[in-house]
Amino acid sequence: MLKISLTPGEYLTIGDNVVVQLCRSEGGRAYLAVEAPREIPIVRGAVLEREGGQKPACLTDGPRRGHASDFPF
């Protein structure tokens with residue numbers, strides 16, 4: 001898994017047709033813009049899990065509010 005830190009306005013690409021941009025971050029939240037073809041499903045993790053999907057094993061738990069980040073960046 002790639003872990004990357006971005007500043008607002010920076011972006012990353014996935015393949016030739018997916019772009020993810022960090023719009024802003026504030027108060028422990030990141031606001032992302034995702035551009036992808038309609039045939040690529042984009043589903044928030046909470047919705048996936050509520051509908052019976054499994055959390056991907058590669059994910060780490062995010063930092064808890066008021067605690068230092070588990071990520072090294």
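From a predicted model like this one, the values you see are computed outputs, not experimental measurements.

**Points about the sheet that holds strand S2 (residues 18-26)**
Strands belonging to one sheet form pairs held by backbone hydrogen bonds; the direction of such a pair is parallel or antiparallel. Strand order in the open sheet formed by three strands is S1-S2-S3, with antiparallel pairing between adjacent strands. Both outer strands of the open sheet, strand S1 (11-14) and strand S3 (29-35), are each paired with one neighbouring strand and no more. Across the sheet, the mean angle separating the axes of adjacent strands is 25 degrees when strand polarity is ignored. In this sheet, S2 lies alongside S1 in antiparallel orientation, the contact comprising four bridges. Bridging from a neighbouring strand, isoleucine 14 pairs with valine 18 of S2.

**With respect to the environment of valine 19**
Relative to the helices and strands, valine 19 is located in strand S2. Taking the C-alpha atoms as reference, valine 19 lies 6.7 Å from alanine 36; in sequence the two are 17 residues apart. The residues contacting valine 19, other than those within four sequence positions of it, are Tyr11, Leu12, Thr13, Ala33, Val34 and Glu35.

**Considerations on the packing of aromatic side chains**
Tallied over the full model, the rule gives zero aromatic pairs. The ring centre of tyrosine 31 lies 4.1 Å from the NZ or CZ of arginine 24, which sits over that ring.

**A word on the pattern of salt bridges**
Evaluation of the coordinates by the stated rule reveals one salt bridge. The partner of arginine 24 in a salt bridge is glutamate 26, and the shortest N-O contact between them spans 3.3 Å. Exposure remark for arginine 24: the relative accessible area of 39% places this residue in the partly exposed category.

The rules behind these values
- Residues numbered from 1 in each chain as written.
- Predicted model: local features only at pLDDT ≥ 70, side-chain atom pairs only at ≥ 80, totals over all residues.
- Heavy atoms only, no water.
- Pairing = 2+ DSSP bridges.
- Helix = DSSP H or I, 4+ residues; strand = E, 2+ residues; numbered from the N terminus.
- Axes fitted to C-alpha atoms, helices over the stretch in contact; angles between N-to-C directions.
- Contact = heavy atoms within 4.5 Å.
- Phe/Tyr/Trp six-rings, centres within 6.5 Å; stacked < 30°, edge-to-face > 60°.
- Lys NZ or Arg CZ within 6 Å of the ring centre and 35° of its normal.
- Salt bridge = Lys/Arg side-chain N within 4 Å of Asp/Glu carboxyl O.
- Buried < 20%, exposed > 50% of the residue type's maximum accessible area, 1.4 Å probe, protein only.

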